[in-house]
Amino acid sequence: MHSAKHAVLDNVLLGELTGKSWDYFSVFNDSSIGNIKDLLVGANSSSDNVLLHTIHLYNMMIAFWRGNYEAAEESSSNALKVQPAARFPSLYLICHIFFRGLLSFQQYRKNGGVGRDPRLVEGEKMMNVMKKWTLLCKDLFENKWLLLKAEYFAS
């Protein structure tokens, strides 16, 4: 059942980002899981931090894609609260660091941040993580680091 929930989440993300959606949750034969919010409630009640982390990251990416940066920032913060302890650069961690950096710089500019605003500091932190990863694998991380660097200088 756990793998099925992650598979459905993958399809929800794909559907949301491509604009093609259908009833992904009908596979569960369980009327208590009808949408992503129901899945979030179930993950919270069972303290399934892996599923919670995935849901919050997917919500962040969907909100970012829709241009709702406040909701994306909130989902990113929620994901940080339940982030797995391992800091090995998994696909989820890479996406989270990258999007969190973009969100931090964008929100800093949008809200007229001045000086050492916490959002600017957070964006710099994410940019520095990406820079470290660039030293390990330039082909995969350099473009993301350069984009974060450009966003930093635009801020």
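Residues numbered from 1 in each chain as written. Predicted model: local features only at pLDDT ≥ 70, side-chain atom pairs only at ≥ 80, totals over all residues. Heavy atoms only, no water.

1. Considerations on the overall build of the protein chain
Looking only at helices and strands, the protein chain has seven helices and zero strands in total. Secondary structure elements of the protein chain, listed N to C terminal, follow the sequence α-α-α-α-α-α-α. Burial status across the protein chain gives 42% buried among its 155 residues. Summarising the internal contacts of the protein chain: among those between residues at least 6 apart in sequence, 56% fall at separations of at least 24. If you sum the accessible surface of the protein chain, you get close to 8,900 Å²; carbon and sulfur atoms cover 57% of it. (Helix = DSSP H or I, 4+ residues; strand = E, 2+ residues; numbered from the N terminus. Buried < 20%, exposed > 50% of the residue type's maximum accessible area, 1.4 Å probe, protein only. Contact = heavy atoms within 4.5 Å. Areas by Shrake-Rupley, 256 points an atom, 1.4 Å probe, with all protein chains shown as cover.)

2. Section: unusual backbone geometry
Of note in this structure, serine 47 is not a glycine but carries a positive phi near 55°. Its location among the elements puts serine 47 in the loop between helix H2 (36-45) and helix H3 (49-66).

3. Concerning the confidence of the model for the protein chain
Looking at the protein chain, pLDDT values average 84 and 88% of them are 70 or higher. For the protein chain, the element scoring lowest by mean pLDDT is helix H1 (residues 2-18), at 75; helix H7 (residues 138-154) scores highest, at 95. (pLDDT = per-residue confidence, 0-100.)

4. Describing the side chain of glutamate 124
With respect to the helices and strands, glutamate 124 occurs in helix H6 (residues 118-136). The class of glutamate 124 is buried, set by a relative accessible area of 12%. At a separation of 3.0 Å, a polar atom in the side chain of glutamate 124 contacts the side chain of tyrosine 152. (Polar contact = N/O pair within 3.5 Å; in protein donor to acceptor, adjacent residues only side chain to side chain.)

5. Comments concerning the packing of helix H4 (residues 69-81) against helix H5 (residues 91-110)
Contact geometry of H4 with H5 gives a least axis separation of 10 Å together with a crossing angle of 135°. With respect to H5, the element H4 is oriented oblique. The way H4 lies across H5 gives a crossing that is left-handed. The segment H4 lies against H5, with Tyr69, Glu70, Ala72, Glu73, Ser76, Ser77, Ala79 and Leu80 engaging His96, Arg100, Leu103, Gln106, Gln107 and Lys110. (Axes fitted to C-alpha atoms, helices over the stretch in contact; angles between N-to-C directions. Parallel < 35°, antiparallel > 145°, perpendicular 65-115°, else oblique. Left-handed = near helix turned anticlockwise from the far one by under 90°.)

6. Focus on the environment of isoleucine 94
When you line up the elements, isoleucine 94 lands in helix H5. Each C-alpha atom, one on isoleucine 94 and one on phenylalanine 141, is 8.9 Å from the other, the two residues being 47 residues apart in sequence.

7. Details of H2
For H2, the full list of buried residues reads Ile36, Leu39, Leu40 and Ala43. An end-on view of H2 places all buried positions within 100° of arc, on one side of the element. Within H2, the exposed residues directed more than 90 degrees away from the buried face are Lys37, Val41 and Ser45. A positive phi of about 55° marks serine 47, the residue just after H2. (Arc of directions from axis to C-beta.)

8. Concerning the packing of aromatic side chains
According to the stated counting rule, one finds seven aromatic pairs in the structure shown. Measuring from ring centre to ring centre gives 5.4 Å for phenylalanine 64 and tyrosine 69, while their planes differ by 65°; the resulting arrangement is edge-to-face. A residue is classified by how much of its surface remains accessible, and tyrosine 69, at 24% relative accessible area, is partly exposed. Centre to centre, the rings of phenylalanine 64 and phenylalanine 99 are 4.9 Å apart; their planes meet at 70°, and the pair counts as edge-to-face. In this pair, phenylalanine 64 sits in helix H3 while phenylalanine 99 sits in helix H5, placing the two residues 35 residues apart along the sequence. The two residues phenylalanine 64 and phenylalanine 99 agree in class, both being buried. (Phe/Tyr/Trp six-rings, centres within 6.5 Å; stacked < 30°, edge-to-face > 60°.)

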